[in-house]
Amino acid sequence: MAVQGFEMKFQGYNTLLDECIKQRAIREGQRVHAHMMKTHYQPPVYLRTRLLVFYAKCECLRDARRVLDEMPERNVVSWTAMISAYSQRGYASEALNLFIQMLRSGTEPNEFTFATVLTSCTGALGIQYGMQIHSLIVKTLFESHIYVGSSLLDMYAKAGKIHEARGVFEGMPERDVVSCTAIISGYAQLGLDEEALDLFRRLQREGMTCNYVTYASILTALSGLTAVDHGKQVHGHVLRFELPSYVVLQNSLIDMYSKCGNLTYARRVFDRMSERTAISWNAMVVGYSKHGRGREAVELFKLMMEENKVKPDSVTFLAVLSGCSHGGMEQRGLEIFDEMVSGKYGVEPEIEHYGGVVDLLGRSGDVEKAFEFIKQMPFEPTAAIWGSLLGACRVHSNVDIGEFVAKRLLEIEPENAGNYVILSNLYASAGRWEDVRSIRELMNEKTVVKEPGRSWIELNQILHTFHASDRTHPRKEEVFAKVREVLVKIKEVGYVPDLSCVLHDVDDEQKEKILLGHSEKLALAFGLIGTPDGKPVQIMKNLRICVDCHNFAKFVSKVYAREVSLRDKNRFHHIVGGICSCGDYW
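Bear in mind the structure is a predicted one, so any value in this text is a computation, not a measurement. Per chain, residues are indexed from 1 in the order of the written sequence. pLDDT decides what is reported in this predicted model: residues at 70 or higher carry local features, side-chain atom pairs at 80 or more are listed and counted, and totals for whole chains, interfaces and linings draw on all residues regardless. The side-chain quantities take in all heavy atoms of the structure and omit both hydrogens and water.

Novice: When you look at the side chain of T80 in this model, what are you seeing that I'm missing?
Specialist: Along the chain, T80 turns up in helix α5 (residues 76–88). Relative accessibility thresholds used throughout: buried, under 20% of the residue-type maximum; exposed, over 50%; partly exposed, between the two (1.4 Å probe, protein chains only). Taking the relative accessible area as the measure of exposure, T80 reaches 10% and is therefore buried. In protein, a polar contact means a hydrogen-donor-capable atom and an acceptor-capable atom, both N or O and within 3.5 Å, with residues adjacent in sequence counting only if both atoms are side-chain atoms; elsewhere, any N or O pair within 3.5 Å suffices. Here V76 takes part through its backbone oxygen, which lies 2.7 Å from a polar atom of the side chain of T80. Once residues within four sequence positions are removed from consideration, T80 is found in contact with N110, F112, T113 and T116. A run of DSSP states H or I qualifies as a helix once it reaches four residues; a run of E qualifies as a strand once it reaches two. Both are numbered from the N-terminal end. It only takes one pair of heavy atoms within 4.5 Å for two residues to be counted as in contact.

Novice: Any chance you could explain the pattern of salt bridges here in plain terms?
Specialist: Two side chains carrying opposite charge are able to pair once their charged atoms lie near each other. Here a salt bridge means any side-chain nitrogen of Lys or Arg lying within 4 Å of a carboxyl oxygen belonging to Asp or Glu. Taken as a whole, this structure holds 31 salt bridges when the rule is applied. Across the pair K541 and E520 runs a salt bridge, and its minimum N-O distance is 2.9 Å. With K541 in strand β3 (residues 537–541) and E520 in helix α29 (residues 519–530), this pair connects stretches of sequence that are 21 residues apart. Neither K541 nor E520 differs from the other in exposure class; each is buried. Through salt bridges with shared partners, a single network forms among R166, E170, R175, R202 and E206.

Novice: When you look at helix α4 (residues 61–69) in this model, what are you seeing that I'm missing?
Specialist: Of all the positions in α4, only L61, A64, R65, V67 and L68 are classed as buried. Summarising the axial view, the buried residues of α4 lie within an arc of 155°, below the 170-degree limit, and thus occupy one face. Here the buried face of α4 lies against α2 (26–38), α3 (45–57), α5 and α6 (92–104). To obtain the arc, one takes the directions from the helix axis to the C-beta atoms.

Novice: How should I be thinking about the sheet that holds strand β4 (residues 564–567) in this particular structure?
Specialist: Think of a sheet as strands paired side by side through backbone hydrogen bonds, with each pair either parallel or antiparallel. Strand order in this open sheet of 6 strands is β2-β1-β3-β4-β5-β6, and the pairing throughout is mixed. Pairing within the sheet leaves two strands with one partner each, and these edge strands are β2 (462–467) and β6 (579–580). When DSSP finds at least two bridges between two strands, those strands are taken to pair. Where strand β5 (residues 572–576) meets β6, 2 bridges bridge the pair, whose relative direction is antiparallel. Note on β6: the bridge partner recorded for I575 is C580. Seen against the sheet, helix α30 (residues 547–559) touches β4, β5 and β6 and runs at an angle of roughly 35° to β5. Structural elements are reduced to axes, namely lines fitted to C-alpha atoms, with helices fitted over the stretch in contact, and the angle between N-to-C directions of any two is expressed from 0 to 180 degrees.

Novice: Would you mind showing me how to read the packing of helix α10 (residues 162–171) against helix α11 (residues 177–189) here?
Specialist: Packed helix pairs are characterised by how far apart their axes lie and by the angle those axes make with each other. Two elements in contact, α10 and α11, have axes separated by 10 Å at closest approach and are oriented at 160°. When the axes of α10 and α11 are compared, the pair comes out roughly antiparallel. As for how α10 packs across α11, the hand of that crossing is left-handed. Across the interface between the two elements, I162, A165, R166 and F169 from α10 touch S179, C180, I183, G186 and Y187 from α11. All amino acids are sorted into three groups, where Ala, Val, Leu, Ile, Met, Phe, Trp, Tyr, Cys and Pro are nonpolar, Asp, Glu, Lys and Arg are charged, and the leftover types, Gly among them, are polar. Taken together, the residues of the contact of α10 with α11 break down into 6 nonpolar, 2 polar and 1 charged. Roughly parallel refers to an angle under 35 degrees, roughly antiparallel to one over 145, roughly perpendicular to one between 65 and 115, and oblique to any angle outside these ranges. Working rule for handedness: look at the near helix, and if it is turned counterclockwise from the far one by less than a right angle, call the crossing left-handed; if clockwise, right-handed.

Now the structure itself:
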């Protein structure tokens, strides 16, 4: 370049810039740019755009923008390159403003412009822009383009507008693995697991090819459904097609097996990983914690620290504290928290970690100590922290603190039916029936409605869903007959329905009937019908399992000699011989 001087032309500059872009060679690229200016070379639009791309690739966005602003003429590629640079680095407002500037300049966007700018349409305001851009896409007839369609459905899915995303998906004349994965992931991320699984099956029948992201997305859905047989099938696909051992996929497998109650398989995947990230360690530690296996959680944390390859993050410590709490290791949990506070690990405790300590103290029976700890926290306690303490008050029958905590909770989240239920149970356990009636009246007055309970059980790779007092299942009569049969048997060995779990103001006979219709009892009865004697029964519940259903399952386990595994929204309950892994505290 120095030798040729004024003889340098397009081809020479283009070759040098390409090499600088490839190697992210910032100084050399700047020299090329300086040479153009010194020799008064007037580069065409293409070369100016390559300069812009060079600066963007080298993370010099201001220089890239200066190149764009100084261009005597710009084409759609120039505008799109700069919009893309902003979008990829999270500068959403700059990307959207530049897109608007481009439209005002009279330059028509192409499919790449639309696909790029849609990635910046995030958040409440961003989705509004996105919907306007969607209208423009329809007007300019780009909606059928595969890149644009994929970006549109991804935008809607991430904004929680899954129906709009599905509409875009169904309207696409052709689909690729990216668009198929985006819609499945959208359903899974929103917790619409059954819909994700149904769509995955349909697309497989239609010949969809899958990549590791597709499999990771469907594994998320299967985790939510505790559909371990389906999960094993997906794992088999991954092994058969010899997909590369992507960490993301292996992390999803660990998560799926843990949430489906199979920690042995989860640990096997974990141990065979050639490379682990913090997410890998966290998934395994969380798995142990949720299953009440605190010692294994702490041992794995210790191994992580000894290996010293991956640093623990805030999620790691949350999982370890939870493991100590569920595993009855109060002292060790407090030690780890104190070490965090002292700065030993380089991770500063956040409000969630303080909440973990409250749970730890409350679970071990130190309700007063937990209450004092909340008062001294450097944070304002959240509803979750007060809720944890209220649960401890219920288990340890501390009505005084429980009453105070419940009143605080009813101020913070008056629409949460669970708080009313726990306070009512607390009053009932103390024989304060007048207060129980007051709570019921308050619920009616505030029109508080408890979220409907749903339970799932997978038999022969078919997911069966039950709702409270469900009359929609094809074998409903058989299921209700089995529930009544089970009730007679377990009453003979001491089961007494906990009527305090029913907040409706009805007589005791009606209360017992309502309790018998709870979704987890129906799913459990169906499991007894549909599985051979002695085989474990595994159920998932969308809410926290009620005290009566927990007792019911314990008696079923003892009388029918079955291992019962119940996963509710908080944790796993492994019940063997009438004894639960949670220690009757959840």
